[in-house]
Amino acid sequence: MLIANRGEIAVRVIRTLRELDITSIAVFSEPDREALHVLLADEAYPIGPGPASESYLHLECVIETARRTRADAIHPGYGFFAENAVFARACADAGLAFIGPPPEVIARLGDKLSAREVAAQAGAALVPASPQALTSLTDARSFADRAGYPILLKAALGGGGKGMRMVARQDELQAAWELARGEARAAFGDERLYAERYLERPRHVEAQILADASGRVTFLGERECSIQRRHQKLLEETPCFGLDERTRAALGETACRIAQAAGYRSAGTVEFLLDSDGRFYFLEVNTRLQVEHPVTEMTTGLDLVAEQIRIAEGGATSFGDQPPAPRGWAMEARILAEDPTAHFMPSVGPVARLRAPQGPGVRNDSGIYRGYQVPVFYDSLLAKLVVWAPDREGARRRLLRALDEYVLEGLHHNLVFHRWLVAHPRFVSGDLSTRFLDQHFRPSELAPGGDASEVALLAAALHARQERIAVTLPDGDGRRGSAWRWAEPRRAPGSGRR
Amino acid sequence: MLIANRGEIAVRVIRTLRELDITSIAVFSEPDREALHVLLADEAYPIGPGPASESYLHLECVIETARRTRADAIHPGYGFFAENAVFARACADAGLAFIGPPPEVIARLGDKLSAREVAAQAGAALVPASPQALTSLTDARSFADRAGYPILLKAALGGGGKGMRMVARQDELQAAWELARGEARAAFGDERLYAERYLERPRHVEAQILADASGRVTFLGERECSIQRRHQKLLEETPCFGLDERTRAALGETACRIAQAAGYRSAGTVEFLLDSDGRFYFLEVNTRLQVEHPVTEMTTGLDLVAEQIRIAEGGATSFGDQPPAPRGWAMEARILAEDPTAHFMPSVGPVARLRAPQGPGVRNDSGIYRGYQVPVFYDSLLAKLVVWAPDREGARRRLLRALDEYVLEGLHHNLVFHRWLVAHPRFVSGDLSTRFLDQHFRPSELAPGGDASEVALLAAALHARQERIAVTLPDGDGRRGSAWRWAEPRRAPGSGRR
Amino acid sequence: MGRATARSGLGASMKLWVTLAGRDTEVEFHAEGSRLWLEFEGRRLEADFRRLPDGEVYSLLIGGRSHEVRVSSAGSHLEVTLDGATLPVEVRHPLEKMLQSVEARSRVAGVEIVAAPMPGLVVAVRVKTGETVTPGQPVAVVEAMKMQNELSARHGGVVTEVLVAERTAVSAGQALVKISQAGS
Amino acid sequence: MGRATARSGLGASMKLWVTLAGRDTEVEFHAEGSRLWLEFEGRRLEADFRRLPDGEVYSLLIGGRSHEVRVSSAGSHLEVTLDGATLPVEVRHPLEKMLQSVEARSRVAGVEIVAAPMPGLVVAVRVKTGETVTPGQPVAVVEAMKMQNELSARHGGVVTEVLVAERTAVSAGQALVKISQAGS
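Just so you know, these numbers come straight off a predicted model, no measurement behind them.

Draft legend 1. Here's a closer look at the overall build of chain C. Of regular secondary structure, chain C possesses one helix and 16 strands. Sorting the 184 residues of chain C into buried and exposed places 43% on the buried side. Of the contacts formed within chain C by residues at least 6 apart in sequence, a portion of 38% connects residues at least 24 apart.

Here it is, written out as structure tokens:
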């Protein structure tokens, strides 16, 4: 099986393939020659230069590599071709099994507007939105005037927060319109946008479903993904705190009905906004494996990639009609190469030092290793830290412990952000919404405390003393001269000697 | 809480303490200054030189450090003071809570002979054994003549295979007697031995129990630990393959009765030999956390260290009278610094490179990190690789995948042994006994296959070519001269140039 | 240097000045055999500072507390990384510190440079030379790691130079636009 | 050297002899631009051999198959570690190989040395100088990592020298007992 992806998700898929005794075939762009998925795969082939459009998103090249290496199937991971119906169809045309739903399902659900139609027909409530793609800024303005600000602009083919902008007031609309279109064009090659009403303090809750080859759909529990920055999820958990059993069941049933209505196959996710009054609104369907699928694996014990493969082979799920009851609580923190103290600016560089947390209840899904150079071309997800414990507070403490234990040096990352988040009283009490960061996050709170400053002061002094001693030279009269190591020229002739 | 131990188990305990917000206090011997438990603990204090008798087994020093650092409690881990009643009593005298059963219980069960009495009174079947410690070689000989060869010599205070020797024939008795006594003296400071009849193809199955502060004993499932070399467990799993529910229940009930009879508190393990006819015989009680406790944690979702601490604080277990039903299958491979291709010779050295396996269902409990120098003074356990999956075959394949993924370089270790073991047809079919290695293990089977030889040949050639190019120097006429890098002097003057 | 109370020649006692975010502390070292004490801010703690085999990293035991720190040189100061945060620390010899206090500094003022915060692609330049920009006004958009980042003027003023064209790849720190501050 | 059919000067085509456990193979390299082919044993495979940033380790793609290998120098040969196993490989220039085939070797025979296989403590010496030992007879016990390891004579003979006393710490490879082989 060829894996048309890179990073942690390619590694994730390779692991399952190895467990199933299926040959894993990786593809890689030039800057990814040393990436972990290349090292771990059974086979690996180059597919072009760094920019995704010339490698991981180069359809002919990927299909041709699959054909040349005699692969039977392609796993798209998430992103890249994962929700691309043209690619799925090209796979079918080339006699390759595409690990995901059929092309027409991807096309129907991938377009946000037709997805809303399917959902509405299946009886799901919808957030008020523009009925079709907005053709102009004027169109956008008139929708906003009707629905009222704030509104959300979204790429018609969007996902992962790309091409998505919140517009709070009319005078922000033009700039947001242009940025969102630019991002949509760059990310999906399609600049169509649509708009929807923006709920004030909703939670983002999604249902993991699995539809087997015969079309039987199973609900495998929900995920709470409200912690987001610019519509990019940062931390996910399952189950959803405070969700009563009736709402959970209704959410699962709605998700299954939507999947059935769409003729869904394979693993998929139905996203909802959960309002503070307990009502939930259909958002979209992700016709792929989600980044955050491991939390569901932790509570159900399933391997969702293995289930996808069983289904693609025309089989039933491993559990038949007895899905495992979710057990305990799982959380996932996305470890990103972004500096939370500097506007989450992306960072590249070498992984100078790495010691991932281990021990009870900890799972790492990572695409990096010590010495690995994070390239500039792809997204900033370095690793996912996943924990499990019998209850939420246990999982939270375990996550905090694992974050404390995580050693990752050489580039900026968001570990301190996650430590702040997971220790935050509102997070502890489960008071979550997609506005959590807007309401509570102040970068100044990430500054290390007084104890850290003191330790840093003393460590610097000890280092200076030690380095100085390390370069001391004998001096004639039995005493020693020393030279400072760092670059600045000493001003006083005596200060470098003692 | 002070942790009177080192290596992976000290790290294991530190992790739980951090999750419980309890200050962790490590102690370390001189060669352990850079050990992982020192780095991860909140506090760390030196307790003496390398030999355990002068540091980790130096009672006064450990107690004094606990007092000086104002610890309330001591966790002994396994080994060292874990089953030492004198130490447990010294803790009590110093006002320190010892995380384990009361001293008198340790004393009663720690002595193999009195433990057998307790078990017999609780109704457990026993393997025929010498009724008391053997006072002389003559004593041993007469027991063997009565019970018949083969017999097993065991240290009265033994554990972990130290001071234990199998004697197949009379003419081996004297040498075994002396070696076992020497090991017993070195390991436990007590050279008393006893002897028992040696079953032909038994399985080693043990029951994990947890006795709360009120004396209520819970059975948390069994572990199958038959894969042993010289009575040292190498791989453990839970549940025990092919054990019918009736036998499992009887085993659990017997274990609980023994614990109740002994007035047990805290976590403990009752070891049995399971004969091929389904009958089981009491072996001994390990009055401590076992090395292999993580497999039970994987199937029950419990943190046994946290449970020990709850009990030591006088509380109930986290689950009260509703113990979690074990779910799925777990296996643990002990990663040892021993060379399986060379009689399992222990190895020391630096961890030159390390990339532990990750991903779904994998837990690492490790005491090492990249660059860490494995010292010569302590046992050879580097790490434990633990996996979980819904069923045995899933766990086995996952373990194999994780073993394939494991990168550990710089010293000899037994990863190739585990790969051999876990892929062995008899292991696959669950046909286990404590004689598994005697029957099936041939070091020659560890030799890498033909494909590996070819890759090695080509890699060496490519390296030679590359290194040669790397040191080429410009040569006047525009061509380049090159020098071979490795040490042997070149014989032909022309062979280093081209 | 310092108090000449050294017992055993080298390093038995010495003193350094360290500064972190305005906190200015004198640290005095006292070595006795293989043990080392630090005196600072009226306190005295035993320290054990051990370089680990894995990179430029130390294990520091200070008064028993265990810390793992990376210390690296960053030009004229040191950077200490601990618990994922990096803190800049200046270390000075007492004599050097005395001298520095009398030194004056000249600063280039009145010019604002908008630079690329990281490597990426300039997808839009929103200003022209000679144009007046207000504080917070967007001047360029740089795409990196699939996100478009809008860069704004902090102080505003008159654009004196536009240094890059659209669709240009830029490296971290590369100047994009120069703005002469109003009033300077 | 080899066939002088190089297209682009350096390294375009060259040949080496490699030997592993008796398997003796000629490997010929053909470089074209940035691509490299290997010819050996009648086969031709594309190779991509990349040094990884993490130590003396390479990623080798050979005919598409991905391998991670460590190659290190061990005196006169190379050691290749892959999948946890270490294999010794000799690499020779074709000319050197020709010369070596005419070289003779002298060997020191007839003396067996029982050496410590790893650092540890000698807890027992079971033989005395002048004593005759049989093949397989235990001569010493070394304790390391809490296990007692009995060391035996392989061939047997007469003990000519006992080099250590009991309770001595020994290092890896240190000779403990010398035995003159019977019949030599």
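Draft legend 2. Looking closely at the sheet that holds strand β16 (residues 175-181) of chain D. Residues and elements named next belong to chain D. In space, the four strands of this open sheet follow the order β9-β16-β14-β11, with antiparallel pairing throughout. Each edge of the open sheet carries a strand with a single partner, namely β9 (111-115) and β11 (132-133). Relative to β16, strand β14 (residues 157-162) runs antiparallel, the two being bridged by five bridges. Looking at the pairing, G157 lines up with Q181 of β16.

Draft legend 3. Molecular detail of the interface of chain C and chain B. Taken together, the contact pairs 15 residues of chain C with 15 residues of chain B. In this structure, the connection of chain C to chain B is made through three salt bridges. Salt-bridge contacts for R33 of chain B lead to D48 of chain C; the nearest nitrogen and oxygen are separated by 2.7 Å. Counting the contacts that link chain C with chain B gives seven residue pairs in polar contact (both at pLDDT 80 or more). Taken together, the elements giving at least two residues each to the side of chain C that touches chain B come down to β4 (43-51), β5 (57-62) and β6 (65-74) of chain C. The leading source of residues in the side of chain C that touches chain B is β4 of chain C, at four residues. Among the residues making up the side of chain C that touches chain B, the classes are represented as five nonpolar, four polar and six charged.

Draft legend 4. Quick peek at the packing of aromatic side chains. Residues and elements named next belong to chain A. Counting across every chain of the model gives 32 aromatic pairs over all chains. When the ring of F272 is compared with that of F280, the centres are 5.2 Å apart and the planes differ by 80°; the resulting orientation is edge-to-face. The exposure classification of F272 matches that of F280, with both residues buried. For the ring pair Y369 and Y372, a centre distance of 5.6 Å and an interplane angle of 40° mean the geometry is tilted. When sorted by exposure, Y369 lands in the same class as Y372, which is buried. Chaining the aromatic ring pairs together yields one cluster made of F344, F417, W420, F436 and F441.

Draft legend 5. Main features of helix α1 (residues 7-19) of chain B. Residues and elements named next belong to chain B. Relative to the 18 Å expected for 13 residues at 1.5 Å per residue, α1 spans 19 Å between its end C-alpha atoms, a close match to the ideal helical length. Of all 13 residues in α1, twelve are buried; the element is thus mostly enclosed. The set of residues buried in α1 consists of G7, E8, I9, A10, V11, R12, V13, I14, R15, T16, L17 and E19. The first or second residue beyond α1 is D21, which carries a positive phi of 65°.

Draft legend 6. Seen up close, the pattern of salt bridges. Residue and element names in this part refer to chain A. On inspection of all chains with the given rule, the structure shows 119 salt bridges over all chains. E83 is paired through a salt bridge with R288; the nearest N and O atoms lie 2.4 Å apart. Taken as a pair, E83 in the loop between β4 (73-75) and α4 (85-93) and R288 in the loop between β13 (280-286) and α10 (293-300) lie far apart in primary sequence, 205 residues in all. In this structure E83 comes out as partly exposed when scored by relative accessible area, which is 27%.

Draft legend 7. Focus on unusual backbone geometry. With an omega of -5°, the peptide bond between T238 of chain A and P239 of chain A qualifies as cis. Tracing the chain through its elements places P239 of chain A in the loop between β11 (232-238) and α9 (245-262). Backbone torsion omega between Y149 of chain B and P150 of chain B reads -5°, so that peptide bond is classified as cis. Position of P150 of chain B relative to the elements: it lies in the loop between α7 (137-147) and β6 (151-155). The phi angle at H231 of chain B is positive, at roughly 65°, despite the residue not being glycine. Examined against the element boundaries, H231 of chain B turns out to sit in the loop between β10 (217-229) and β11 (232-238). You will see that D83 of chain C, though not glycine, has its phi angle at about 50°, which is positive. Its relative accessible area of 51% is what places D83 of chain C among the exposed residues.

Draft legend 8. Structural view of the environment of N5 of chain B. Residue and element names in this part refer to chain B. Structurally, N5 is set in the loop between β1 (2-3) and α1. With a relative accessible area of 3%, N5 lands in the buried category. For the pair formed by N5 and L20, sequence separation is 15 residues and the distance between their alpha carbons is 19 Å. Setting aside anything within four residues of it in sequence, one finds N5 in contact with A10, V27, H37, Y56, P76, G77, Y78, G79 and F80. From its side chain, N5 meets the backbone oxygen of P76 in a polar contact 2.7 Å long.

Draft legend 9. Highlighting the confidence of the model for chain A. Taken as a whole, chain A shows an average pLDDT of 90; of its residues, 93% reach a score of 70 or greater. Long-range and interchain partners of residues 469-498 of chain A, a stretch whose pLDDT sits below 50, account for 52 contacts in this model, where long-range means more than four residues apart.

Draft legend 10. Molecular detail of the pairing of β6 of chain C. Residue and element names in this part refer to chain C. Taking burial as the measure, the ten residues of β6 include seven buried ones, the bulk of the element. Across six bridges, the pairing between β5 and β6 is antiparallel. Opposite S59, over in β6, you have E68 as the bridge partner. Taken together, β5 and the strand that follows it, β6, pair antiparallel across an intervening segment of two residues, in which G63 is found at a positive phi of about 60°. Sheet analysis places β6 next to strand β7 (residues 77-82), joined by five bridges and oriented antiparallel. Looking at the pairing, A74 lines up with H77 of β7.

Draft legend 11. Structural view of the sheet that holds strand β16 (residues 175-181) of chain C. Residues and elements named next belong to chain C. Read from one edge to the other, the open sheet built from four strands follows the order β9-β16-β14-β11, with strand pairing classed as antiparallel. At either end of the open sheet lies a strand with only one pairing partner, and these are β9 (111-115) and β11 (132-133). Of the pairings in the sheet, the one linking β11 to strand β14 (residues 157-162) comprises two bridges and is antiparallel in character. Counted as the bridge partner of T132 is V158 from β14.

Draft legend 12. Focus on the environment of A330 of chain A. Topologically, A330 of chain A is positioned in strand β14 (residues 329-336). Residues A330 of chain A and Q170 of chain A lie 160 residues apart in sequence; the distance between their C-alpha atoms is 41 Å.

Each value, and the rule that gives it
- Residues numbered from 1 in each chain as written.
- Chains lettered and ligands numbered in written order.
- Predicted model: local features only at pLDDT ≥ 70, side-chain atom pairs only at ≥ 80, totals over all residues.
- Heavy atoms only, no water.
- Helix = DSSP H or I, 4+ residues; strand = E, 2+ residues; numbered from the N terminus.
- Buried < 20%, exposed > 50% of the residue type's maximum accessible area, 1.4 Å probe, protein only.
- Contact = heavy atoms within 4.5 Å.
- Pairing = 2+ DSSP bridges.
- Salt bridge = Lys/Arg side-chain N within 4 Å of Asp/Glu carboxyl O.
- Polar contact = N/O pair within 3.5 Å; in protein donor to acceptor, adjacent residues only side chain to side chain.
- Nonpolar A, V, L, I, M, F, W, Y, C, P; charged D, E, K, R; others polar.
- Phe/Tyr/Trp six-rings, centres within 6.5 Å; stacked < 30°, edge-to-face > 60°.
- Expected span 1.5 Å × (residues − 1).
- pLDDT = per-residue confidence, 0-100.

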